[in-house]
Amino acid sequence: MYNAKAYSAASATSPLTSSKIERRHPTQHDVQIEILFCGICHSDLHQVRNEWRDVMPTVYPCVPGHEIVGRVTKAGSAVTKLKPGDLVAVGCLVDSDRTCPECRAGLEQFCPNLVLTYNGPDKHLGGVTYGGYSDSIVVDERFVLRVPANLDLARAAPLLCAGITTYSPMRHWGVTKGKKVGVVGLGGLGHMGVKFGHALGAHVVVFTTSPGKKDDALRLGADDVVVSRNADEMQKHTGSFDFILDTVSAHHDINAYINLLRRDGNITLVGAPEKALGVSSFALLMRRRSVSGSLIGGIAETQEMLDFCGAHNITSDVEVIPIQKVNEAYERLLKSDVKYRFSVDMASLKSE
Ligand SMILES: NC(=O)c1ccc[n+]([C@@H]2O[C@H](COP(=O)([O-])OP(=O)(O)OC[C@H]3O[C@@H](n4cnc5c(N)ncnc54)[C@H](OP(=O)(O)O)[C@@H]3O)[C@@H](O)[C@H]2O)c1
Ligand SMILES: [Zn+2]
Ligand SMILES: [Zn+2]
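Bear in mind that the values here come from a model prediction, so they are computed numbers and not experimental data.

Asks: Hey, could you run me through the nonpolar core in this one?
Replies: Nonpolar side chains tend to gather and get buried jointly when the protein is soluble and globular. With 94 residues, the main nonpolar core has Ile40, Tyr133, Leu159, Met170 and Phe196 as its most contacted residues. Broken down by element, the residue count for this core peaks at seven residues, all from strand 3 (residues 30-40). Apart from residues no more than four positions distant in its own chain, isoleucine 40 is found in contact with Glu67, Tyr133, Ile321, Val326, Ala329, Tyr330, Leu333, Arg341, Phe342 and Val344.

As structure tokens, then:
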């Protein structure tokens, strides 16, 4: 084991502070990665504050971060795909059993023995895994992605969660030219959803509670913007959407969006608010509409998404911050005051 620098939370009510954590030395299939940038996902905040206690209680200390880009510094003896110096990325998964039907289908995110990048069971050291708010991480090469060379690293980091979480359901539900697609919430996930919907050729409509984000939504690739608190504006779109991606992190009325779907339309929830959302049976059954969920994406699809971003020059709009500003960033995230993802420059950890 070796000591790595990190930022961790000691409890659900503690701020994140500088700390030392133990990492394993790379085993034969592992690479050690110097972390260069790590995005701040709203899931980091939910987990640090134990808001998902009923589903996945947080074990403290918690080192969040699953939007990681960095450089390989060491490679185990059996590593074949990667070598020191390679620019790489790690998302929300660092391991799975590799044998179950989900793993064999390339859907490791649904593996019953999935190991999440943080707050997952650490098979090597015991306890839980520690994420990307750190200067380094050690990961099995099978869970390490390649970053296309043309992408800016600070802007590429959020692709590892916000990117794949929006790309995967859009591909699954056939978002393409000729489809009318809604994106609810213009945050980290939402703004990536807009970019992908646009790149896939769909007619994209953004639903936002923040009137001040209207111009940005259009600049990011939306064809239309609706301020969701305005009932008249919402009404105009009744029964017209093929697909809606709901990225909202807080409690809200999803029936207002179900009513905007056409026959056989689907709304997919990727947002994970603390409390359950109520679904109206009538809103669903009137037009055979459906509600689904989606969880990040498998390793192969994450690489496909990164390559798609390389080919279309898609990255996240980021505000780069030093790790010392992370607590302030969480408060701003709660106020929807970030355009549109914080990306932490991990060089800032060197001074700790
Ligand atoms: N399923 C998955 O695999 C997965 C992966 C990553 C994240 N998530 C979850 O997805 C959610 C979004 O994550 P994120 O990082 O994109 O968060 P974020 O950057 O904070 O964006 C969430 C957006 O939701 C809207 N919003 C916030 N509070 C609202 C409210 N009370 N009513 C209506 N709209 C509200 C805001 O958009 P406007 O200002 O435009 O209204 C806000 O920008 C979180 O719950 C996160 O845990 C799920
Ligand atoms: Zn995330
Ligand atoms: Zn499995």
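Asks: Teacher, can you tell me more about helix 11 (residues 326-334) here?
Replies: Turning to helix 11, its buried residues number three or more, namely Val326, Ala329, Tyr330, Arg332 and Leu333. Relative to the axis of helix 11, the buried residues are bounded by an arc of 165° and lie together on one face. Taken together, the buried residues of helix 11 touch strand 1 (2-9), strand 2 (16-23), strand 3, helix 1 (42-48), strand 16 (318-322) and strand 17 (341-345). Of the residues flanking the end of helix 11, it is serine 336, one or two places downstream, whose phi is positive at about 55°.

Asks: Would you explain the coordination of the zinc ion (ligand 2) in this entry?
Replies: Six octahedral donors around a metal ideally sit at 90 or 180 degrees from one another, while four tetrahedral donors ideally sit at 109.5 degrees. Bound to the zinc ion (ligand 2) are the protein donor atoms Cys41 (SG), His66 (NE2) and Cys161 (SG), situated 2.0 to 2.2 Å from the metal. When the donor residues of the zinc ion (ligand 2) are listed from N- to C-terminus, their spacing reads C-x24-H-x94-C. Residue histidine 66 is located in the loop between helix 1 and strand 4 (68-75), and its partner cysteine 161 is located in the loop between helix 3 (153-156) and helix 4 (162-172); the two are separated by 95 residues in the primary sequence. Note on histidine 66: relative accessible area 8%, which makes it buried.

Asks: When you look at the pairing of strand 11 (residues 203-208) in this model, what are you seeing that I'm missing?
Replies: In terms of burial, strand 11 is a largely internal element, five of the six residues being buried. Sheet topology places strand 10 (residues 180-184) next to strand 11; five bridges connect them, and they run parallel. Each bridged residue has a counterpart across the sheet, and for valine 184 the counterpart in strand 11 is phenylalanine 207. Here strand 11 runs beside strand 12 (residues 224-227); their pairing, made up of four bridges, is parallel.

Scoring rules and cut-offs
Residues numbered from 1 in each chain as written. Chains lettered and ligands numbered in written order. Predicted model: local features only at pLDDT ≥ 70, side-chain atom pairs only at ≥ 80, totals over all residues. Heavy atoms only, no water. Core = buried A, V, L, I, M, F, W, Y, C linked by side-chain atoms within 4.5 Å. Buried < 20%, exposed > 50% of the residue type's maximum accessible area, 1.4 Å probe, protein only. Helix = DSSP H or I, 4+ residues; strand = E, 2+ residues; numbered from the N terminus. Contact = heavy atoms within 4.5 Å. Arc of directions from axis to C-beta. Donors = N, O, S within 2.8 Å, 3.2 Å for Na, K, Ca; no water. Pairing = 2+ DSSP bridges.

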